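# Reading the structure
So you can see what is in the structure, the chains are spelled out below.
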Amino acid sequence: MTNHIPEYSEKKAIQNKVVELFKKMGYKYISEQENKDLRNNNLKNVVLKDILKSQLIKINSYEYKGQKYKFSEQSINNAINDLDVDLGEGLITTSEKIYKKLISGEAYTEKLKDGSKKSYTINYIDWENPENNTYHFTEEYSVEKQDLTGIKKTKRPDIVVFINGIPLGIIELKKDSVKISEGIKQIINYQNDKNIPHLFKYSQIVMAGNNNEVKYATTGTALNFWSIWNEENTEIYEELDKLITDRTITKLDKNIYSLFNKNRFMELIRSYILFDGRIKKIARYQQYFAIKEALKNINKFDKFGKRKGGLIWHTQGSGKSLTMVLLAKELNRTIPNSKIIIITDRIHLDKQIKNTFNNAGFKGNVVRAYSGNKLTDLLKEGKSSVITTVINKFDNAMNKKLVINYSNIFVMVDESHRTQYGELHNKMKYVLPNACYIGFTGTPLMKKDKNGFYKTGTLSGVRTRAGYIKGKNKSLYPYIIMINQHQFTLYLDLLNQHFAIFMPLLLKFMIKL
């Protein structure tokens, strides 16, 4: 007689392993009963308000006339209540409003000792000092539905992850014989107006998986846009090896550790999520690692004090614009007084890229230099954080002998294979000699080259490579390549003056892969 493990028991065994992993990752465990007690058995509540209140008091203070003060209880209570944004404008709009509060905090007026009043910011998360936050998780998190007319009154995600009592991560688990698309559909269904969107308005990373297959997304992500995660640097798993010593490490373990170890979880939420119009997006792993590598390179300087530039290559439709916006977002955050100039070679692309940046959170900070005179004026002013323009507009600035030596200017060149050499490029370099140049391209290979690329089989699985391409002048061009069946992403150092030589070398190199 064959022993049969009940479906619930098999799934529960997977869930128990996940629970143990989160504990080993330093998260505090809250049992199913405790998560109800913390909400006073009001299952419509999804934020653990006692924990949040304690944390808001702990991590926030303001300074006035050289002395530090704690916020009033009224301000703390207002901050808690204001985070619970009403869903009246829809899930994604609500989620965006909450996200902005999580990232930037909210200002509240304090009555000062001398009788005056002044506004100060209360932060929900201490981004600068992650150790000051509290990290909890729970299982079987019952949440009361919006629509109570049916027989079933609640929905119950398997794992919910909290920072400072705010539910920011949600995981749905399946047994190995069940396709994870079932878990994905379940999470999508949870977000339905009648179910528990009031939980998902807070969520930033959602995941569905079993031991063998895992995908992740964010609030509102459609089924077809859920992504896999693969580590470019597998050294991260050396830490996982230390945590799990009594059993075989699964793909689920690896993905949970990759996305939910405290530092990465915080980083992804803060820097790799954005709202593109009415769509919430989270970076794919290729974009994440390409941006990380770009940032690392940008913070290197040559002997003349110039930052190193680079190229990021995507296949068409693989998120080039998103990568540009996410990189710009990080540059603005990490480099004080940075200026970003987006260069295209066509007017319609210039309009398009401005709209992309506006939709993705830069609205009010993006100015389009539609003429040479406008570009010259904007460069002289140095006020706008993001400027978009067409490359031929540099004619005017060069004719006026304008030279901007500021080193914290980052020039992002869209479709850079068309503009990164020749007379137009030289004029841009004349005006901005110390700028950091970052090229982006999504141009596909020629058909015969693409076929040769596919024949090698490199797109059948994930592959990461690093090394050098040798130019005719024996110069070495470092590169990093990340490939999977959906996307090709490349980051490499650019020697701008040799770009025309470099591009045909790259094409030949890719065929050999």
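For the structure itself, consult the block above.
So, a few notes on the structure that sits alongside this text. (Residues numbered from 1 in each chain as written. Predicted model: local features only at pLDDT ≥ 70, side-chain atom pairs only at ≥ 80, totals over all residues. Heavy atoms only, no water.)

### A look at the pattern of salt bridges
Summed over the entire model, instances satisfying the criterion amount to 23 salt bridges. For Glu20, the salt bridge is made with Lys23, and the minimal N-O distance between the two is 3.5 Å. Taken together, the residues span about one helical turn, with Glu20 and Lys23 both in helix α1 (residues 7-24) at a distance of 3 residues. Overall, the relative accessible area of 39% leaves Glu20 in the partly exposed class. Residue classification places Lys23 among the partly exposed positions, given a relative accessible area of 36%. One salt bridge connects Arg264 with Glu231, and the closest N-O pair in it is separated by 2.8 Å. (Salt bridge = Lys/Arg side-chain N within 4 Å of Asp/Glu carboxyl O. Helix = DSSP H or I, 4+ residues; strand = E, 2+ residues; numbered from the N terminus. Buried < 20%, exposed > 50% of the residue type's maximum accessible area, 1.4 Å probe, protein only.)

### Description of the packing of helix α10 (residues 262-271) against helix α11 (residues 285-298)
Look at α10 against α11: their axes get within 13 Å of each other, and the N-to-C directions meet at 90°. As summarised for this structure, α10 and α11 are arranged roughly perpendicular, according to the angle between their axes. Residues Arg264, Glu267 and Leu268 of α10 form the contact with α11, whose participating residues are Tyr288, Phe289 and Lys292. In terms of residue class, the contact of α10 with α11 is built from 3 nonpolar, no polar and 3 charged. (Axes fitted to C-alpha atoms, helices over the stretch in contact; angles between N-to-C directions. Parallel < 35°, antiparallel > 145°, perpendicular 65-115°, else oblique. Contact = heavy atoms within 4.5 Å. Nonpolar A, V, L, I, M, F, W, Y, C, P; charged D, E, K, R; others polar.)

### Let's talk about helix α4 (residues 73-83)
All of the buried residues along α4 are Ser75, Ile76, Ala79, Ile80 and Leu83. Along the axis of α4, the buried positions cluster into a sector of 140°, meaning they face one direction only. When the buried face of α4 is taken as reference, the exposed residues oriented beyond 90 degrees from it are Glu73 and Gln74. Buried residues along α4 sit in contact with α3 (49-59), α5 (91-104), β4 (106-111), β5 (117-122) and β10 (166-173). (Arc of directions from axis to C-beta.)

### Some remarks on the packing of aromatic side chains
Scanning the entire structure with this criterion turns up 19 aromatic pairs. Considering the side-chain rings of Tyr141 and Phe162, the 5.5 Å spacing of their centres and the 80° angle between planes classify their relative orientation as edge-to-face. Taken together, the residues Tyr141 in the loop between β6 (135-139) and β7 (143-144) and Phe162 in strand β9 (residues 159-163) connect sequence positions 21 residues apart. In terms of burial, Tyr141 and Phe162 fall into one category: buried. Three or more aromatic residues joined by ring pairs form one cluster here, namely Phe22, Tyr27, Tyr29, Tyr135, Phe137, Phe260 and Phe265. For Lys23, the ring lying beneath its charged end belongs to Tyr29, and the centroid distance is 4.7 Å. One residue, Arg39, lies across the ring of Tyr141, its end atom 4.0 Å from the ring centre. (Phe/Tyr/Trp six-rings, centres within 6.5 Å; stacked < 30°, edge-to-face > 60°. Lys NZ or Arg CZ within 6 Å of the ring centre and 35° of its normal.)

### Overview of the pairing of strand β18 (residues 386-390)
β18 sits mainly inside the fold: 5 of its 5 residues count as buried. With 5 bridges connecting them, strand β16 (residues 339-344) and β18 associate as parallel partners. Bridge pairing links Ile343 to Thr389 in β18. Bridging between strand β17 (residues 366-369) and β18 involves 4 bridges; their strand directions are parallel. For Val367, the partnering residue across the bridge sits in β18 and is Ile387. (Pairing = 2+ DSSP bridges.)

### Details of the environment of Leu331
Summarising the element assignment, Leu331 is placed in helix α12 (residues 320-334). Taking relative accessible area as the criterion, Leu331 reaches 0% and is therefore assigned buried. When residues no more than four places from it in sequence are discounted, the contact partners of Leu331 are Leu295, Ile298, Ser338, Ile340, Phe410 and Met412.

### Overview of the sheet that holds β10
The strands that make up a sheet are held in pairs by hydrogen bonds between backbone atoms, and each pair lies either parallel or antiparallel. The strand order across the open sheet built from 6 strands is β1-β6-β9-β10-β11-β12, with neighbouring strands paired in mixed fashion. Bordering the open sheet on either side are β1 (28-30) and β12 (214-217), each of which pairs with just one other strand. Sheet twist, expressed as the mean angle between neighbouring strand axes with direction ignored, is 20°. Docked against the sheet, α10 engages β6, β9, β10 and β11 (205-209), running at close to 80° with respect to β9.

### Describing the pairing of β10
With 8 of 8 residues buried, β10 is to be regarded as a mostly interior element. Across 5 bridges, the pairing between β9 and β10 is antiparallel. Paired with Val161 across the strands is Gly169, a residue of β10. As consecutive antiparallel partners, β9 and β10 are separated by 2 residues, and within that stretch Asn164 has a phi angle of approximately 55°, a positive value. Where β10 and β11 come together, 5 bridges link them in parallel fashion. Looking at the pairing, Leu173 lines up with Gly209 of β11.

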